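Here's the letter readout for the chains.
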Amino acid sequence: MPQSSTPFSTVRPAMPRGVWVLGVVSLLMDVSSELAHSLLPLFLAGTLGVPVLAIGLIEGVAEATALICKVFSGTLSDWLGKRKPLVLLGYGLAAFSKPLFPLAGSAATVLLARFVDRVGKGVRGAPRDALIADITPPDIRGAAFGLRQSMDTVGAVLGPLLAIGLMLVYRDDIRSALWWSLPPALLAVAAIWLWVREPTGHGEKRASGPLFDRTTLSRFSVGFWGVAGLGAVFTLARFSEAFLVLRGAQLGLPLAWAPLVMVAMSISYALSAYPLGWLSDHVSRARLLQLSLLLLIAADLALGAAAGPAMLLAGALLWGLHLGCSQGLLSALVAQTAPPGLAGSAFGLFNLICGAATLLASALAGALWQAWGAAAAFHGGAAFAAAALLLGLVLRPLRQF
């Protein structure tokens, strides 16, 4: 049976070099992605005149695509016995999509670019997470996933900051600023090509059998399905961060400074992800998940009630703390409950389930916003977070963690 915690006095293994390399790659790609994504809601709503409901659908389709693709890439990485080629392909697709944003003349082109970008994220996500699980001792997996997520989120801080600087330099010319998302994406691809290595002794190639069948599914435990179900409800409670940027613009932040909301959220996320991931290796993970949901409820209520920058930034900081408390932890739980040799498939299935929830969450948030205002969208998120909190309390398989 999986251990719920590891004593503080136990000597801990060193963090593998591969985790640090993948962390740097994530940092570079997030600089690229968050630079673009912090400006896209403003570009869609202002430059292209797209309504909020359509923005929600674009974000929902994009993020759901990323999560759904992970089931195929994760399973394929198990089947091939290789992770790096899929990781490289995924980051390459994301880099390819970046020039499409500044060239876009309609919402359809932005949707296409977001689709390609998120396919890339989906292709790389599960194999990358499975690779981290492959190379990291079980005793420090929470810390490893937290470290990668922290470095990823440092990029999520730097990207919007760069966007603010570029908007000031280019005097609110969003298209010119968006071109700068390409260089860090190319550097991320180069780093994978040069420095990411497959671990020795990885699982055997399984090309003689089907990618996925009923026998494979039967190997997944009740604990895994409980984690996947809870992850889906988490996703319903936390819609796209694009709505935070739109909320900032609605409350009067100047166009160039609207990405500051993403900066505040990402700083909080970056500072909390590693220490909370490390803490999850020592204490009850179920309690940390409950804490993360309380933080999300507080964030949604603050964002819904905000009438000025102070409450807006407080909500963004709480949102980031929620992410730091939950994202690496959920990844560690997936790795912990995955059947031997099926880590990629486990991450893929988890993200397939969360992908369906993502599409629904962003569409609902956009519809609530358009029909009853911004506060309704955030209050709806708080209601789903409360439902997730109750689900976590009653799901018996999760109490062992």
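About the cut-offs
- Residues numbered from 1 in each chain as written.
- Predicted model: local features only at pLDDT ≥ 70, side-chain atom pairs only at ≥ 80, totals over all residues.
- Heavy atoms only, no water.
- Helix = DSSP H or I, 4+ residues; strand = E, 2+ residues; numbered from the N terminus.
- Rg over C-alpha atoms; globule rule 2.2 N^0.38 Å.
- Buried < 20%, exposed > 50% of the residue type's maximum accessible area, 1.4 Å probe, protein only.
- Contact = heavy atoms within 4.5 Å.
- Areas by Shrake-Rupley, 256 points an atom, 1.4 Å probe, with all protein chains shown as cover.
- Axes fitted to C-alpha atoms, helices over the stretch in contact; angles between N-to-C directions.
- Parallel < 35°, antiparallel > 145°, perpendicular 65-115°, else oblique.
- Left-handed = near helix turned anticlockwise from the far one by under 90°.
- Nonpolar A, V, L, I, M, F, W, Y, C, P; charged D, E, K, R; others polar.
- Core = buried A, V, L, I, M, F, W, Y, C linked by side-chain atoms within 4.5 Å.
- UniProt positions renumbered as here; feature names shortened; annotations may be inferred.

Per an unreviewed UniProt entry, the protein carries the name MFS transporter and comes from Chromobacterium vaccinii.

Colleague: I'd like a description of the overall build of the protein, backed by residues and values.
Modeller: The helix and strand tally for the protein stands at 16 helices and zero strands. Compactness check: the protein gives a C-alpha radius of gyration of 20 Å against a globular reference of 21 Å for 401 residues, within 12% of the reference. Projected onto the principal axes, the alpha-carbon positions of the protein cover approximately 55 × 45 × 40 Å. Buried positions account for 58% of the 401 residues belonging to the protein. By sequence separation, contacts in the protein at least 24 residues apart represent 87% of the contacts at least 6 residues apart. Summed over its atoms, the accessible surface of the protein is roughly 15300 Å², and 70% of this surface lies on carbon and sulfur atoms.

Colleague: Break down the packing of helix H10 (residues 222–237) against helix H14 (residues 309–337) for me, citing the residues and quoting the values.
Modeller: Contact geometry of H10 with H14 gives a least axis separation of 9 Å together with a crossing angle of 155°. The orientation of H10 relative to H14 falls into the category roughly antiparallel. Where H10 crosses over H14, the handedness of that crossing is left-handed. Contacts between H10 and H14 involve Gly-223, Phe-224, Val-227 and Phe-234 on the former and, on the latter, His-322, Ser-326, Leu-330, Leu-333, Val-334 and Thr-337. Residue composition of the contact of H10 with H14, grouped by class: six nonpolar, four polar and no charged.

Colleague: So what about the nonpolar core? Which residues, and what values?
Modeller: Ranked by size, the top nonpolar core spans 109 residues in total, and within it Leu-39, Leu-244, Trp-319 and Phe-378 carry the most contacts. In terms of residues, this core owes the most to one element, helix H1 (residues 17–47), which gives 13 residues. For Trp-319, the residues in contact, after removing those within four places along its chain, are Arg-238, Phe-239, Glu-241, Leu-244, Met-265, Leu-296, Ala-299, Asp-300, Leu-303 and Phe-378.

Colleague: Which residues make up the UniProt feature "transmembrane region" (unreviewed entry) in the protein, and what are the values?
Modeller: Under the UniProt annotation, the feature "transmembrane region" (unreviewed entry) is placed at residues 153–171, 177–196, 217–237, 257–276, 288–307, 313–335, 347–369 and 375–395. The span residues 177–196 is 80% helix and 0% strand, and its two end C-alpha atoms sit 30 Å from each other. Structurally, residues 217–237 is divided into 86% helix and 0% strand, and its ends, taken at the C-alpha atoms, are 27 Å apart.

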